[in-house]
Amino acid sequence: GESVGLHLPTLSVQEGDNSIINCAYSNSASDYFIWYKQESGKGPQFIIDIRSNMDKRQGQRVTVLLNKTVKHLSLQIAATQPGDSAVYFCAELKAAGNKLTFGGGTRVLVKP
Amino acid sequence: DTAVSQTPKYLVTQMGNDKSIKCEQNLGHDTMYWYKQDSKKFLKIMFSYNNKELIINETVPNRFSPKSPDKAHLNLHINSLELGDSAVYFCASSQTNSGGLNEQFFGPGTRLTVL
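Rules of the game
Residues numbered from 1 in each chain as written. Chains lettered and ligands numbered in written order. Predicted model: local features only at pLDDT ≥ 70, side-chain atom pairs only at ≥ 80, totals over all residues. Heavy atoms only, no water. Disulfide = S-S within 2.5 Å. Helix = DSSP H or I, 4+ residues; strand = E, 2+ residues; numbered from the N terminus. Buried < 20%, exposed > 50% of the residue type's maximum accessible area, 1.4 Å probe, protein only. Phe/Tyr/Trp six-rings, centres within 6.5 Å; stacked < 30°, edge-to-face > 60°. Pairing = 2+ DSSP bridges.

### Side note on the state of the cysteines
A complete count under the given rule lists 2 disulfides over all chains for this structure. With a sulfur-sulfur separation of 1.9 Å, cysteine 23 of chain A is cross-linked through a disulfide to cysteine 90 of chain A. Judged by the torsion about the S-S bond (55°), the cysteine 23 of chain A/cysteine 90 of chain A disulfide is right-handed. In this pair, cysteine 23 of chain A sits in strand β3 (residues 19–25) while cysteine 90 of chain A sits in strand β9 (residues 86–94), placing the two residues 67 residues apart along the sequence. For cysteine 23 of chain B, the disulfide goes to cysteine 91 of chain B, at an S-S distance of 1.9 Å. One quick way to see it: the torsion about the S-S bond of cysteine 23 of chain B and cysteine 91 of chain B is about -80°, and its sign makes the bridge left-handed. Taken as a pair, cysteine 23 of chain B in strand β3 (residues 19–25) and cysteine 91 of chain B in strand β9 (residues 87–94) lie far apart in primary sequence, 68 residues in all. Here cysteine 23 of chain B falls in the buried class, since its relative accessible area comes to 1%. Among the residues examined, cysteine 91 of chain B registers a relative accessible area of 0% and is labelled buried.

### What to know about the packing of aromatic side chains
In this description, a pair of aromatic rings is defined by centroid distance and the angle of the planes. For the coordinates displayed, the defined rule picks out 10 aromatic pairs over all chains. Judged by centre distance (6.2 Å) and plane angle (85°), the ring pair of tyrosine 36 of chain A and phenylalanine 46 of chain A falls under edge-to-face. With tyrosine 36 of chain A in strand β4 (residues 32–38) and phenylalanine 46 of chain A in strand β5 (residues 45–51), this pair connects stretches of sequence that are 10 residues apart. Centroid distance tyrosine 36 of chain A to phenylalanine 102 of chain A: 5.4 Å. Interplanar angle 50°. Geometry classified as tilted. Taken as a pair, tyrosine 36 of chain A in strand β4 and phenylalanine 102 of chain A in strand β10 (residues 99–102) lie far apart in primary sequence, 66 residues in all. The exposure class of phenylalanine 102 of chain A is buried, given its relative accessible area of 2%. These aromatic residues form a ring-pair network of at least three members: Tyr36, Phe46, Phe89 and Phe102 of chain A together with Tyr33, Tyr35 and Phe106 of chain B.

### Focus: the pairing of strand β5 (residues 43–50) of chain B
All names here are of chain B. Along β5, 7 of the 8 residues are buried, which leaves the element largely enclosed by surrounding structure. Two elements, strand β4 (residues 31–37) and β5, share 7 bridges in a ladder whose sense is antiparallel. Counted as the bridge partner of tyrosine 33 is serine 48 from β5. In sequence, β4 turns back onto β5 through a hairpin of 5 residues, with lysine 41 there showing a positive phi of about 75°. The sheet contact formed by β5 and strand β6 (residues 53–57) spans 4 bridges and is antiparallel. Across the sheet, the residue bridging to serine 48 is isoleucine 56, located in β6.

Here it is, written out as structure tokens:
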């Protein structure tokens, strides 16, 4: 069946270092892949998306890579800051119905 | 000026009770959603409405009934609450944008605890 999952449940990173969060997916029929950030007590917040026909997209301090050959998605955060501490979710989106399917989440802890 | 708001933020109730969670968005979006996040942080879509019409209805017990009085509101009514209903419920909204990503904006969540 469809699934979107993450390799690492918790990632500890030193402030200033780069973070890499990984995600594996099994459904190749999605139209977009999206990363969300969820801070404690808040709802998920959109970070960046990538269309399924692309392999890389850059935002401010974040880069998403999509490897369709191995069905792998990653989020790179440059110069990680304390405010980046949160749970990060990858999700796949099917345009029909705008249906989001979330992965299991990775907690990022930034050490000062 | 909150974009997507939910009430209440916390809800504690006894098993067997009936309760409602309300959601309002002031973004002018045409589609609204309800998600459930369990204790392991797993997020799953429950329902979506587009212009008050049900679009997505995942495998959710029929004790859960969404109601959309207008485009800006999507309420969730739950009958005969069970222990397993304890979770954080998130409302979201998006605007249909043909040919592009219809980004979903999430509310702050309602933590439901069933005792």
